[in-house]
Amino acid sequence: MNYWLFKTEPDEYSIRDLQLAPNQTAKWDGIRNYQARNFLRDKVAEGDLVFMYHSQCKQIGIVGVAEIVRAAYPDPAQYDENSKYFDAKSTFDTPRWFCVDIKHKLTYPRVISLGRIKAQPELANMILVKQGRLSVQPVTEQEWQQIEAMV
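Is there a simple way to explain the packing of aromatic side chains in this structure?
The geometry of an aromatic ring pair comes down to the distance between the two centres and the angle between the two planes. Scanning the model with the defined rule gives seven aromatic pairs in all. Ring geometry for Tyr34 versus Trp97: centroids 4.8 Å apart, planes at 35 degrees, classification tilted. A residue pair is termed long-range when its members are at least 10 positions apart, and Tyr34 in helix α2 (residues 34–42) and Trp97 in the loop between β4 (61–74) and β5 (98–113) qualify at 63 residues. With a relative accessible area of 4%, Trp97 lands in the buried category. One residue, Arg37, lies across the ring of Trp97, its end atom 5.8 Å from the ring centre. We note Arg70 situated over the ring of Tyr73; from NZ or CZ to the ring centre the distance is 3.5 Å.

Here you go:
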């Protein structure tokens, strides 16, 4: 099993939205960064665990955990001309963008803030700290355990 951190803006899609989704499951789509896409397409697997991270909001940080319940498949939005995620260069034979399905596992009682994460010397090499803008990023098992201990 691998561990991940997925960033979302809660105004667009929050952990609460995931909780309220049918079967607490949703498609994680709209990724349009090649490095994040490569992680989704090539590394993220069914059964992996994901920290849900809220960004661009008042309380920035990790808000809970989801599980990957369907591995990468072509993001249907890339073919929809009415979608903001439409990509005219994508074809059904050679899709450019991928998505996964996630299921809510738990919501933390309080946000684990970016400030608290950065204050932990053991997390200094975490991608979140070093390359903060990446929307899909791997988390090591040690980092996962360290953050879980902060709940």
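Looking at this model, I keep getting lost on the sheet that holds strand β2 (residues 25–28). Mind explaining?
Strands pair in a sheet through their backbones, by hydrogen bonds, and they do so in one of two ways: parallel or antiparallel. If you walk across this open sheet you meet the six strands as β2-β5-β4-β3-β1-β6, and the pairing is mixed. Both outer strands of the open sheet, β2 and β6 (136–139), are each paired with one neighbouring strand and no more. Across the sheet, the mean angle from the axis of one strand to that of its neighbour is 40 degrees, orientation sign disregarded. Judged from the four bridges that link them, strand β1 (residues 3–8) and β6 form a sheet pairing that is antiparallel. Opposite Leu5, over in β6, you have Gln137 as the bridge partner. Across the sheet, helix α5 (residues 141–148) lies against β1, β3 (49–54), β4, β5 and β6, angled at about 55 degrees from β3, the strand it touches most.

Mind showing me how you'd approach the side chain of Asp48 here?
Tracing the chain through its elements places Asp48 in the loop between α2 and β3. Buried charge Asp48 goes without a salt bridge, the closest partner of opposite sign being Lys43 at 10 Å. Every residue in contact with Asp48, bar those within four places of it in the chain, is listed here: Met1, Asn2, Trp4, Lys43, Ala66, Glu67 and Ile68.

I keep staring at the nonpolar core and nothing clicks. Help me out?
Side chains of nonpolar character tend, in soluble globular proteins, to be buried together. Ranked by size, the top nonpolar core spans 21 residues in total, and within it Phe6, Met52, Val100, Ile102 and Val136 carry the most contacts. Residue assignment for this core shows that the elements contributing at least two residues are β1, α1 (15–20), β2, α2, β3, β4 and β5. Those residues in contact with Ile102, other than ones at most four positions away along the chain, are Phe6, Leu18, Gln24, Thr25, Ala26, Trp28, Met52, Ala66, Glu67, Ile68 and Val69. Among the nonpolar cores identified, the runner-up in size contains 17 residues, and Tyr3, Leu5, Ile117 and Leu123 belong to it.

What am I meant to see in the pairing of β1 here?
Side-chain direction in a regular strand flips from residue to residue, so the side chains alternate between the two faces of the sheet. Burial within β1 is extensive, with six of its six residues counted as buried. Burial of the side chains of β1 extends over both faces: Tyr3, Leu5 and Lys7 are buried on one face and Trp4, Phe6 and Thr8 on the other.

When you look at the environment of Lys103 in this model, what are you seeing that I'm missing?
Turning to its location among the elements, Lys103 is positioned in strand β5. Put simply, Lys103 and Ala21 are 82 residues apart on the chain and 9.1 Å apart in space, counted from C-alpha to C-alpha. Apart from the residues lying within four places of it in its own chain, the contact partners of Lys103 are Leu18, Asn23, Gln24, Thr25, Ala66, Glu67 and Val69. A distance of 2.7 Å separates a polar side-chain atom of Lys103 from the backbone oxygen of Asn23.

Would you take a moment to explain the pattern of salt bridges for this structure?
Opposite charge on two side chains allows them to pair when their charged atoms are near. In this structure the tally under the stated criterion is five salt bridges. A salt bridge links Asp87 to Arg96; the shortest N-O distance between them is 3.4 Å.

What is the right way to read α2 from this model?
Along an α-helix, a turn takes 3.6 residues, which lines up residues three or four apart on a common side. All of the buried residues in α2 are Ala36, Arg37, Phe39 and Leu40. Angular distribution of buried residues about the axis of α2 spans 160 degrees; they occupy a single face of the element. Buried residues in α2 make contact with β1, β4, β5 and β6. Its side-chain oxygen placed 2.9 Å from the backbone nitrogen of Gln35, Asn33 serves as the N-cap of α2.

Conventions used here
Residues numbered from 1 in each chain as written. Predicted model: local features only at pLDDT ≥ 70, side-chain atom pairs only at ≥ 80, totals over all residues. Heavy atoms only, no water. Phe/Tyr/Trp six-rings, centres within 6.5 Å; stacked < 30°, edge-to-face > 60°. Helix = DSSP H or I, 4+ residues; strand = E, 2+ residues; numbered from the N terminus. Buried < 20%, exposed > 50% of the residue type's maximum accessible area, 1.4 Å probe, protein only. Lys NZ or Arg CZ within 6 Å of the ring centre and 35° of its normal. Pairing = 2+ DSSP bridges. Axes fitted to C-alpha atoms, helices over the stretch in contact; angles between N-to-C directions. Contact = heavy atoms within 4.5 Å. Lys, Arg positive; Asp, Glu negative; His and termini not counted. Salt bridge = Lys/Arg side-chain N within 4 Å of Asp/Glu carboxyl O. Core = buried A, V, L, I, M, F, W, Y, C linked by side-chain atoms within 4.5 Å. Polar contact = N/O pair within 3.5 Å; in protein donor to acceptor, adjacent residues only side chain to side chain. Arc of directions from axis to C-beta.

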